[in-house]
Amino acid sequence: MNNYIEEKFDIAVIGAGHAGCEAALAAARLGLKTVMFTVSVDSIALMPCNPNIGGSSKGHLVCELDALGGEMGRNIDKTFIQSKIINGSKGPAVHSLRAQADKQDYIREMRKTLENTAGLKIKQAEVCEILTEDEGDIKKVCGVKTLSGSIYSCKKVVVCTGVYLNARCIYGEVSENTGPNGLKAANFLTASLINLGLPVRRFKTGTPARVDGRSIDYTKMEVQKGDDFIRPFSFSNEPEDIAREQADCYLTYTNEETHRIIRENIDRSPLFSGEIKGTGPRYCPSIEDKVVKFPDKERHQIFVEPEGNYTNEVYLSGMSSSMPYDVQYRMIRTMPGFENADIVRNAYAIEYDCLDATCLKATLETKSISGLYTGGQINGSSGYEEAAVQGFMAGVNAALSALNRKEVVLDRSQAYIGVLIDDLVTKESTEPYRMMTSRAEYRLLLRQDNADIRLRRIGHEIGLVNDRDFDAFENKLKLINNEIERVRSVNIGSNEKVNNILISLGSNELKESHGIPLSNLIKRPELNYDMLKAIDEGRPELPWRVREQVNIQIKYEGYIEKQNQQVQHFKKLETRLIPHDFNYSELEGLRLEARQKLDKIRPANIGQAGRISGVSPADISVLLVYLEKEKERNK
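What counts and how
Residues numbered from 1 in each chain as written. Predicted model: local features only at pLDDT ≥ 70, side-chain atom pairs only at ≥ 80, totals over all residues. Heavy atoms only, no water. Helix = DSSP H or I, 4+ residues; strand = E, 2+ residues; numbered from the N terminus. Rg over C-alpha atoms; globule rule 2.2 N^0.38 Å. Buried < 20%, exposed > 50% of the residue type's maximum accessible area, 1.4 Å probe, protein only. Pairing = 2+ DSSP bridges. Axes fitted to C-alpha atoms, helices over the stretch in contact; angles between N-to-C directions. Phe/Tyr/Trp six-rings, centres within 6.5 Å; stacked < 30°, edge-to-face > 60°. Salt bridge = Lys/Arg side-chain N within 4 Å of Asp/Glu carboxyl O.

Right, let's talk about the overall build of the chain for a bit. Each helix and strand in the chain was counted, giving 21 helices and 25 strands. Relative to the 2.2 N^0.38 estimate, which gives 26 Å for 635 residues, the radius of gyration of the chain is 26 Å and therefore close to what a compact globule would have. Over its C-alpha atoms, taken along the principal directions, the chain stretches across nearly 90 × 80 × 50 Å. Counting every position in the chain, which comprises 635 residues, the buried fraction comes to 57%.

Structure follows, in structure tokens:
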């Protein structure tokens, strides 16, 4: 008689953070019998660092995830306490929605969704081994084994372990082998990954102290209000559906005294003493790192953000640290408003194991183990949003593969998700990867406002966008196209009323006696579609999302067309496929570095090959010539 439990599932998801939640929901909603493992049920959808969703470029990811049928956008719409558009004064390509979350509400709502999803089971257990069997020349996933010895057979495994693998939290001279917030680390799975031949490395991230809000003097800080117009993350919601009273955030600054304390104690920082071995994120440095690297900067911004409606804890965004506890106290109390601050939770750095993501296909399946997918920080990325979209794509593709359906790969011209995954699997990241708008070549096309136009149809085809939401989307498209056509056909003549309105709007009066199309007026920098309602007598009443698209598509028409032309060139390179078993070592003319990189990553097409660091345009030319010759020989 066996002393362990054995169960059968279609999909096993390891981890219940933002990646694991999306992976498990996607698989279960597609009809697969799914199990999700977590070291603690209380850590489901945990937000161990910043108390917000979205932000620059990250808001794009959340909107794309929602357009495809993911959950994060809907969940933050239910649980936000402040909402704001970042970069609102700039062009629409970089507008990014950011919402402060009530951390506990966010967890509760996501857990409620998971627990009430048909076909999904949640298990509090630590997975210590991924089980495989031989299938021809390759290994194939057949199950997972937990620390208790229980075996769960399955067709596919999605690993979403976040920062828990061999996690170690460090501040000053203190080092604890725990996950974030003192939760249990996952100490056994790394060995299984190594035994499977996967490339494991060590990364590091960090988090700031949490301070008791009752000990803070907010009158000494700059208040940061939310937007009056609350824009939902989810395309299924309207502003009136999620309207609520918003909490305030605040802004304060470090100063020379703060920096002096840090400099005098820098030898006690594990970041500089050598105690921390993992590589940290360059774009989200600790406060001590900023003070050392930017010695001429007199102050640094610190955003003071509430962690929820039912707690006094506040988060000090911009002040992550691994300094000793006593140093944290002294440096925090130098800032305006924090003279008497009490620390509730001290800041710490956390080291963890992750993979070199170049071992993955664009589907997020490992190249060497059939049926093994990974998503989130295990792939070397950072951030809740980056994790969520990877978990979703890994879960979707694991489920589609189990159903013998074609897997989904989004390219760089379709979505920020495509940019993120392509960067991870193609480029050798030496630090935690963070999404930024500058990484997207076609960012004017990949706006957050048009994520549904780009991706809703794909989500419906996958089976994760219901018919009601898809019908609403198609109706929106029809309204947009009809209104753009109407606006281009409306002629605005030069008369006293029109010119007075234009002058009142800070624009020039019309000189053309025959008038001009209304679309030409919308293209003026100082005007937009909504502002011109008074001179457009035949205008229909339209939803705000429709009006927004009409304005953007007309105003930026020339720039959008130019980027569409660039995408056409990009698509040509992406369709030049490279055989998976291509022998690069026999191709004369390729430099040694290029051969090694191409052989390691094994790009699917010429476009992807050209994005590999160490592969030059000359190498691509050699490859193109060879492929063209092969094509002619095979005719």
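Text resumes after the structure shown.
This paragraph deals with the sheet that holds strand E4 (residues 52–54). Across the sheet, three strands lie side by side as E4-E6-E5; this open sheet has antiparallel pairing. Single-partner strands in this sheet number two, and they are E4 and strand E5 (80–86). Neighbour to neighbour, the strand axes of the sheet diverge by 20° on average, direction disregarded. As defined by bridge partners, E5 adjoins strand E6 (residues 96–101) across six bridges and the pair is classed as antiparallel. Within E6, the position partnered with Lys84 by the bridge is Arg98.

Going through the model one piece at a time under the given rule, you end up with nine aromatic pairs. Seen in terms of ring centroids, Phe9 and Tyr152 are 6.3 Å apart; in terms of plane orientation they differ by 40°. Their pairing is tilted. Placement of Phe9 in the loop between strand E1 (6–8) and strand E2 (11–14) and of Tyr152 in strand E10 (residues 151–153) is noted, with a sequence separation of 143 residues between them. Each member of the pair, Phe9 together with Tyr152, is buried. Consider the rings of Phe582 and Tyr584, whose centres lie 4.8 Å apart with planes at 55°: the pair is tilted. Among the residues examined, Phe582 registers a relative accessible area of 9% and is labelled buried.

What follows deals with unusual backbone geometry. Phi is positive for Ala45, which is not a glycine, with a value near 55°. Structurally, the position occupied by Ala45 is in the loop between strand E3 (34–38) and E4. Its relative accessible area of 0% is what places Ala45 among the buried residues. Even without a glycine there, the phi angle at Asn166 is positive, about 50°.

Of all eleven residues making up helix H2 (residues 58–68), eleven are buried, and the element is well covered by its neighbours. Of the positions making up H2, those classed as buried are Lys58, Gly59, His60, Leu61, Val62, Cys63, Glu64, Leu65, Asp66, Ala67 and Leu68. Once H2 ends, the next one or two residues include Gly69, with phi positive near 110°.

Glancing now at the pattern of salt bridges. With the rule as written, the count across this model stands at 66 salt bridges. Its salt-bridge partner being Asp422, residue Arg611 comes within 2.5 Å of it at the nearest N-O pair. On the criterion of sequence distance, the pair formed by Arg611 in the loop between helix H20 (606–610) and helix H21 (617–633) and Asp422 in helix H12 (residues 416–426) is long-range, its members being 189 residues apart. The exposure class of Arg611 is buried, given its relative accessible area of 16%. Three or more residues joined by partner-sharing salt bridges are found here, namely Asp356, Glu428, Arg591, Glu593, Lys597, Lys600 and Asp619.

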